[in-house]
Structure formats: structure tokens, C-alpha cells
Amino acid sequence: MRHEDVIAATRLWLEKAVIGLNLCPFARKVYVENRVRLVVSDARHLDGFLEDLDRELALLAQTPASEIDTTLLIHPTLFSDFIDFNDVLLLADEAISEQGLDGVLQVANFHPDFQFDGCEPDDMVNYVNRAPFATLHLLRDASVDAAVAEDAEVDAIAERNSATLEKLGHAGWQALGLDQR
């Protein structure tokens, strides 16, 4: 799959779901300011992907937030199984620790088949973390802390997202052009 196509699909998801549905009220500003780095990994195996992750963690840690605030490391084909990709999150946390970046960077994951523990696969709440491709979101702790400090209603985000997605429903999600299946 061409990098341009992967990035275009990811941008569409960011613009229509993450920002458009306000699933992450902190995303709009950094996206509009062009401080979101989108990187497509071509790794053929997990070790190669983890090498890409190491490079991106180092780059993000060394680059001022005014230039790159957050990074999305995307792989379009390597992680078709959500459970397997979810296990990669543990390895990503280990990579952060190994680079001495605890308290500096953190990671979240997105996947086309993302499923919260205790939810059914088709529950709309899962769509909060459903992206077109397996994606690791590398975030700066300081940026997360600042965003949380600015939003008095941060505790209500998850509940609001659940209500938004339930109201939208599967047909609404598909109408956004985000269903890759």
C-alpha cells in the first residue's frame, strides 16, 4: 500500500472522527498547527516495527513540541489481529522505559478492530480507538498534562464520546467514509 494512501486515510479519520466528532478535544489545535507527525512503517516483522518505534520516540523526544507535538506511527498491513497489536502496546511502553523517556512520552494504540475489555466487537464505544490502520500514538506527557489542565470537563470526555458514537451508530460511521471494510 502506498504511503500517500495510508496517510490520506489516516488524515480523513483524524479530520472526520477524531476532530470532526470531537473525540479528542485536544487534537484540533496541534493538527491545524501542523504539529502532528504521520509516519508509515514498512517493517516486514515486529522487530523492524520496534526499530521504527525507537527512531520515532528518539525524534519526538529531541524535537521541540512547537515543531512536532505528537506522532502517529502507522502500519497498514503487519498487525491485522487486534489482540496481537494490543500486545505491541506493552513493548512500546518498554521501549519508552529503555530510552529513559518515562514521564516524558506515553503511547496509545488505535486499530481497525479495537475492542475495549468487556465490550462486544460491534459496540460503538470501540470506535473511539478505531483507526483505518494499526497505529501507535506517541504523546508528550507535558502536552497531555497541559491539555488536561485547560479542560475543566476532561473527566466527561469518555462519557461524551460514548454518547456521540451511540447516537452516530454504525450507519453514521459508514456515512463519514471511515469504514475500511
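Preceding block: the structure.
So, how was this worked out
- Residues numbered from 1 in each chain as written.
- Predicted model: local features only at pLDDT ≥ 70, side-chain atom pairs only at ≥ 80, totals over all residues.
- Heavy atoms only, no water.
- Helix = DSSP H or I, 4+ residues; strand = E, 2+ residues; numbered from the N terminus.
- Rg over C-alpha atoms; globule rule 2.2 N^0.38 Å.
- Buried < 20%, exposed > 50% of the residue type's maximum accessible area, 1.4 Å probe, protein only.
- Patch = residues over 30% accessible without salt bridge, like charges linked within 9 Å, V, L, I, M, F, W, Y side chains within 5 Å.
- Areas by Shrake-Rupley, 256 points an atom, 1.4 Å probe, with all protein chains shown as cover.
- Salt bridge = Lys/Arg side-chain N within 4 Å of Asp/Glu carboxyl O.
- Lys, Arg positive; Asp, Glu negative; His and termini not counted.
- Charge placed at Lys NZ, Arg CZ, Asp CG, Glu CD.
- Pairing = 2+ DSSP bridges.
- Contact = heavy atoms within 4.5 Å.
- Axes fitted to C-alpha atoms, helices over the stretch in contact; angles between N-to-C directions.
- Phe/Tyr/Trp six-rings, centres within 6.5 Å; stacked < 30°, edge-to-face > 60°.

Peer 1: Can you help me understand the overall build of the chain in this one?
Peer 2: Counting secondary structure elements, the chain contains six helices and four strands. Each helix and strand of the chain, ordered N terminal to C terminal, gives the series α-α-β-α-β-α-β-β-α-α. By the compact-globule yardstick of 16 Å for 181 residues, the chain fits well, its C-alpha radius of gyration being 16 Å. Taken over the C-alpha atoms alone, the chain extends approximately 40 × 40 × 30 Å along its principal axes. The proportion of buried residues among the 181 residues of the chain is 44%.

Peer 1: Looking at this structure, how should I read a negative patch on the surface?
Peer 2: On the surface, Asp47, Glu51, Asp54, Asp93, Glu94, Glu98 and Asp102 cluster together to form a negatively charged patch. Among the secondary structure elements, those contributing two or more residues to the negative patch are helix H3 (46–62) and helix H4 (82–98). Positionally, aspartate 93 belongs in helix H4. Owing to a relative accessible area of 35%, aspartate 93 belongs among the partly exposed residues under this scheme.

Peer 1: Explain the pairing of strand S4 (residues 134–140) here, please?
Peer 2: In regular strands, side chains alternate between the two faces of the sheet. The buried count for S4 comes to seven of seven residues, which makes it a mostly enclosed element. Burial of S4 is two-sided: the residues Ala134, Leu136, Leu138 and Arg140 facing one way and the residues Thr135, His137 and Leu139 facing the other way are all buried. As judged from the six bridges shared by strand S3 (residues 105–110) and S4, these two strands associate in the antiparallel manner. When the bridges of S4 are listed, valine 107 appears paired with leucine 138.

Peer 1: Any chance you could explain the side chain of threonine 71 here in plain terms?
Peer 2: For threonine 71, the location among the structural elements is in strand S2 (residues 70–75). Overall, the relative accessible area of 1% leaves threonine 71 in the buried class. Those residues in contact with threonine 71 that lie beyond four places of it in its chain are Arg37, Val39, Glu56, Leu60, Leu136, His137 and Leu138.

Peer 1: Got a minute to help me understand the sheet that holds strand S1 (residues 36–40) in this structure?
Peer 2: Adjacent strands of a sheet form backbone hydrogen bonds with each other and so pair up, either parallel or antiparallel. Read across the sheet, four strands follow the order S1-S2-S4-S3 without closing on themselves; strand pairing throughout is mixed. Each having just a single partner strand, S1 and S3 make up the two edges of the open sheet. Neighbour-to-neighbour, the strand axes of the sheet open up by a mean angle of 20 degrees, direction not taken into account. Taken strand by strand, helix H1 (residues 3–19) contacts S1, S2 and S3, and its axis lies near 140 degrees from that of S1. Across the sheet, H4 is in contact with S3 and S4; its angle to S3 comes to roughly 175 degrees.

Peer 1: Help me understand the packing of aromatic side chains in this model?
Peer 2: In this description, a pair of aromatic rings is defined by centroid distance and the angle of the planes. Here the structure, examined in full by the defined rule, presents six aromatic pairs. Centre to centre, the rings of phenylalanine 49 and phenylalanine 79 are 4.9 Å apart; their planes meet at 70 degrees, and the pair counts as edge-to-face. Of this pair, phenylalanine 49 sits in helix H3 while phenylalanine 79 is found in the loop between S2 and H4, placing the two residues 30 residues apart along the sequence. As far as burial versus exposure is concerned, phenylalanine 49 and phenylalanine 79 are alike and both buried. Ring geometry for phenylalanine 79 and phenylalanine 85: centres 5.0 Å apart, planes at 50 degrees, overall tilted. Take phenylalanine 79: its relative accessible area is 10%, and that puts it in the buried class. In this structure phenylalanine 85 comes out as buried when scored by relative accessible area, which is 0%. Through pairs of rings, three or more aromatic residues link up here, namely Phe49, Phe79 and Phe85.

Peer 1: Mind showing me how you'd approach the pattern of salt bridges here?
Peer 2: Where charged atoms of side chains with opposite charge meet at close range, the side chains can pair. For the structure shown, the criterion picks out six salt bridges. As a salt-bridge pair, arginine 2 and aspartate 5 come within 3.2 Å of each other at their nearest N and O atoms. Between arginine 35 and aspartate 69 there is a salt bridge; the shortest N-O distance is 3.7 Å. You can see arginine 35 sitting in the loop between helix H2 (27–32) and S1 and its partner aspartate 69 sitting in the loop between H3 and S2, a full 34 residues away along the chain. For the pair arginine 35 and aspartate 69, one class covers both residues: buried. A single salt-bridge network, built from bridges that share partners, covers Arg2, Glu4 and Asp5.

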